[in-house]
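Here's the letter readout for the chains.
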Number of protein chains: 2
Amino acid sequence: MSDLLERLRGRGWRMTAQRRVVAEVLDGEHVHLTADEVHARATLRLPEISRATVYNTLGELVSLGEVLEVATDRRAKRYDPNAHRPHQHLVCAQCGAIRDVHPSGNPLADLPDSERFGFTVSDVEVTYRGICPACAG
Amino acid sequence: MSDLLERLRGRGWRMTAQRRVVAEVLDGEHVHLTADEVHARATLRLPEISRATVYNTLGELVSLGEVLEVATDRRAKRYDPNAHRPHQHLVCAQCGAIRDVHPSGNPLADLPDSERFGFTVSDVEVTYRGICPACAG
DNA sequence: ACTTGACTTAGACAAAGTCCATCGTAGGAT
DNA sequence: ATCCTACGATGGACTTTGTCTAAGTCAAGT
């Protein structure tokens, strides 16, 4: 799926070997990688790529709306390449595994104006927590 | 409200000056403080209290279910003394301010069995994001 | 092919939190 | 009231995750 690369090129993204590799890593595996995991995988293809570049590129992809940042705790942020279809996350409290889920309903609509305290609310993030089948034994 | 201190003592918590001060700081202000903010306030009453002790005590309070940890991004975790009444959070994307909110509806019910992948789902955390009035100018 | 400004790099730096060896003390035992 | 001792506190080193900077490199338009 080099749709991603095409879209980026179409937006005037200057294409470099480093950016291509980072985009391909994210596009290739639909799992939720940390920045360091992206760096590790990128290094396999482009051994000299730097950490800073991986962070910069991930940040750009997030700004462009091509990738979502998922912060479930104070550990490393994870990057979710499934940005085009809205979804929420189901996290195993024991092993940390993450699955994309698609709940019914619109949680934004559940927050009445009287509970918005003057905020301009633009987004809602729902994290379900539980025990995955593997951990439940 | 030294209900908290009473409860802790009743549970066999060994009472020290440091723990009392941390518990009082949390119990006194129903805002969402970071560990460093708790430390700063505790230091006013007990100047020699260490950071490690504040971290340890906060961790114990969380384990005991008296305080909730709120990790909204990769900034510092915040500690929420309002653990007895279920609620969700509204976060300012700019300054990080947090408000408790009470949405209508039950998000747990919005996750159909077909989207649970065999997980035993026990909890859901909803974070609304936006810009607070102060940051909006 | 040249030029230029955007991109990359290594490493220093920073924020938040954890770990550890050692010292101190709360609270039961005497 | 004093003593004991296991539990708690301390400060500093360390770790993890991420940001910043100055200097070098290169993609792409001309």
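Please read these numbers as outputs of a predicted model, since none were measured by experiment.

**Student:** Run through the nonpolar core, naming residues and quoting values.
**Tutor:** Counting 21 residues, the largest nonpolar core has V22(B), L26(B), V38(B), L58(B) and L61(B) as the members making the most contacts within it. Sorting the residues of this core by element identifies helix 1 (3-10), helix 2 (17-28), helix 3 (35-45) and helix 4 (51-63) of chain B as the ones contributing at least two each. Leaving out residues up to four positions away in the same chain, V38(B) has contacts with V22(B), V25(B), L26(B), L33(B) and V54(B). With 20 residues, the next largest nonpolar core counts L111(A), V124(A), C92(B) and L111(B) among its residues.

**Student:** Tell me what's going on with the side chain of Q88(A), and back it up with residues and numbers.
**Tutor:** Residue and element names in this part refer to chain A. Following the sequence through the fold, Q88 ends up in strand 4 (residues 88-92). Residue Q88 is classed as buried on the basis of its relative accessible area of 14%. Among the polar contacts listed, one links the side chain of Q88 to the backbone nitrogen of V126, at a separation of 3.0 Å. Among residues more than four places away in sequence, those in contact with Q88 are R99, D100, V101, P103, V124, E125 and V126.

**Student:** If you had to explain the relation of the copies chain B and chain A to someone new, which residues and values would you point to?
**Tutor:** Between chain B and chain A, which share one sequence, the superposing operator has a rotation angle of 180 degrees and an axial displacement of 0.2 Å; the RMSD is 0.9 Å. Both chain copies can therefore be described as sitting about a two-fold axis. In terms of C-alpha distance to the rotation axis, chain B has V126(B) as its closest residue, with the C-alpha 2.2 Å off the axis. Of all interface residues in chain B, 100% are interface residues in chain A too; the two copies therefore contact each other through one and the same surface.

**Student:** Mind laying out the environment of H30(B), listing which residues take part and the relevant values?
**Tutor:** All names here are of chain B. Positionally, H30 belongs in the loop between helix 2 and strand 1 (33-34). H30 gets classed as partly exposed once you look at its relative accessible area, which sits at 44%. Residues H30 and G130, spaced 100 residues apart in sequence, show a C-alpha to C-alpha distance of 21 Å.

**Student:** Account for the UniProt feature "binding site: Zn(2+)" (unreviewed entry) in chain A, naming residues and giving values.
**Tutor:** Residue and element names in this part refer to chain A. Taken from the UniProt record, the annotation "binding site: Zn(2+)" (unreviewed entry) applies to C92, C95, C132 and C135. These annotated residues cover 44 residues of sequence, and their C-alpha atoms lie no more than 8.3 Å from one another, placing them together at a single site. On the secondary structure map, C92 appears in strand 4. What makes C92 buried here is its relative accessible area of 2%. By the element assignment, C95 lies in the loop between strand 4 and strand 5 (98-101). Taking the relative accessible area as the measure of exposure, C95 reaches 47% and is therefore partly exposed. When residues no more than four places from it in sequence are discounted, the contact partners of C95 are C132 and C135.

**Student:** Now, about the domain arrangement of chain A: what can you tell me, with residues and values included?
**Tutor:** Residue and element names in this part refer to chain A. Segmenting chain A into domains produces domain 1 (3-80) and domain 2 (88-136). Relative to domain 2, the C-alpha centre of domain 1 lies at a distance of 24 Å. Counting from both sides, the interface comprises 6 residues of domain 1 and, opposite them, 6 residues of domain 2. Of the roughly 520 Å² buried at the junction of domain 1 and domain 2 (both faces included), carbon and sulfur atoms supply 55%. On the domain 1 side of the interface with domain 2, the three residues burying the most area are H32, V70 and T72, jointly 68% of the side's total. Where domain 1 touches domain 2, the interface holds 0 salt bridges. At the surface where domain 1 touches domain 2, the tally comes to 3 residue pairs in polar contact (both at pLDDT 80 or more). Partitioned by chemical class, the residues of the side of domain 1 that touches domain 2 number 2 nonpolar, 2 polar and 2 charged.

The rules behind each value
- Residues numbered from 1 in each chain as written.
- Chains lettered and ligands numbered in written order.
- Predicted model: local features only at pLDDT ≥ 70, side-chain atom pairs only at ≥ 80, totals over all residues.
- Heavy atoms only, no water.
- Core = buried A, V, L, I, M, F, W, Y, C linked by side-chain atoms within 4.5 Å.
- Buried < 20%, exposed > 50% of the residue type's maximum accessible area, 1.4 Å probe, protein only.
- Helix = DSSP H or I, 4+ residues; strand = E, 2+ residues; numbered from the N terminus.
- Contact = heavy atoms within 4.5 Å.
- Polar contact = N/O pair within 3.5 Å; in protein donor to acceptor, adjacent residues only side chain to side chain.
- Least-squares fit on C-alpha atoms with pLDDT ≥ 70 in both.
- UniProt positions renumbered as here; feature names shortened; annotations may be inferred.
- Domains from an automatic or database assignment.
- Buried area = accessible area lost by both parts, 1.4 Å probe.
- Salt bridge = Lys/Arg side-chain N within 4 Å of Asp/Glu carboxyl O.
- Nonpolar A, V, L, I, M, F, W, Y, C, P; charged D, E, K, R; others polar.

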